[in-house]
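# Architecture and fold: a report
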Amino acid sequence: MISARSRVAVIFGASLIALFFLGATAQADDKAKLSLSAAVSADYQQDQIQLVFTAQTESADSSGASALLIQSLNDAQKRLGKPPGVNISSGAIQIYPIYGQKNEPTIWRGRAELILESQDILGASQAADKLTGQLALSRVTFSLSDRARRQAHLLLTERAAQAFREKADMTAKAFGYEKYEIISLEMTDSGEMVGSRPLLMGRMASADAMATPALNLQPGQESVSVTVSGRVLLR
């Protein structure tokens, strides 16, 4: 059976242990902690193109508009054939009525998209020229391919990590510490277009469209950035 004096000693010893751990925690919390970030960016040539062509039809009824629309798309795909390296797909398709004064459909219109995508910009331009006079070119978009973006992120991540370490080391020494310890890290990335980019809008199909010069598409550049943020403990 533990005596009253022994219980006091045990409690006193436990209190010392508790105070020791509290003191250690307070000492750790008192150490200098900093939040730092390092960002790197680079411009990359866009290597992917998307061209959106639009077919439009009119008919007295919805089935007629739909049939004309399908025929227009089929004719366009037949003219295109299978150009190497160019992916051809259908986009949005709409059949909708135009109402008259009596709130009844007076005519039905159809609208459909034909999309060309490729990393061969010249090949896509040559394929697009085959649709001149048949479909309207409504949108051209340049971008970085997934492969190019992954390579850019990998390279910039290495540079951002190195920049973060150098900044942490320089900051530690500037405040009289010998080294640092990374407590937490967070990384973000982004990309945006740099400079102007040709968007060829409204090149409509018409009787004299065959005289239109061939497409001369020039991609722009895209800026990709990676930011590393984190907290460090100075030692």
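Keep in mind it's a predicted model, so treat the numbers as computed, not measured. (Residues numbered from 1 in each chain as written. Predicted model: local features only at pLDDT ≥ 70, side-chain atom pairs only at ≥ 80, totals over all residues. Heavy atoms only, no water.)

### Points about the sheet that holds strand β4 (residues 105–118)
Within the open sheet, the four strands sit side by side as β3-β4-β2-β5. Their pairing is antiparallel. Two strands in the sheet have a free side with no partner beyond their single neighbour: β3 (86–99) and β5 (136–143). Taken over all neighbouring pairs, the strand axes of this sheet differ in orientation by 15° on average, direction set aside. Bridge count between strand β2 (residues 48–59) and β5: seven bridges; the pairing is antiparallel. What sits directly across from Thr54, in β5, is Ala136. Seen against the sheet, helix α2 (residues 62–80) touches β2, β3 and β4 and runs at an angle of roughly 25° to β4. (Pairing = 2+ DSSP bridges. Helix = DSSP H or I, 4+ residues; strand = E, 2+ residues; numbered from the N terminus. Axes fitted to C-alpha atoms, helices over the stretch in contact; angles between N-to-C directions. Contact = heavy atoms within 4.5 Å.)

### A word on the side chain of Gln46
On the secondary structure map, Gln46 appears in the loop between β1 (33–45) and β2. Among the residues examined, Gln46 registers a relative accessible area of 2% and is labelled buried. Here Glu222 takes part through its side chain, which lies 3.4 Å from a polar atom of the side chain of Gln46. (Buried < 20%, exposed > 50% of the residue type's maximum accessible area, 1.4 Å probe, protein only. Polar contact = N/O pair within 3.5 Å; in protein donor to acceptor, adjacent residues only side chain to side chain.)

### Topic: the environment of Ser35
Its location among the elements puts Ser35 in strand β1. Counting along the chain gives 149 residues from Ser35 to Ser184, while the straight-line C-alpha distance between them is 9.3 Å. For Ser35, the residues in contact, after removing those within four places along its chain, are Gly230 and Arg231. Side chain to side chain, Ser35 and Arg231 meet in a polar contact 3.3 Å long.

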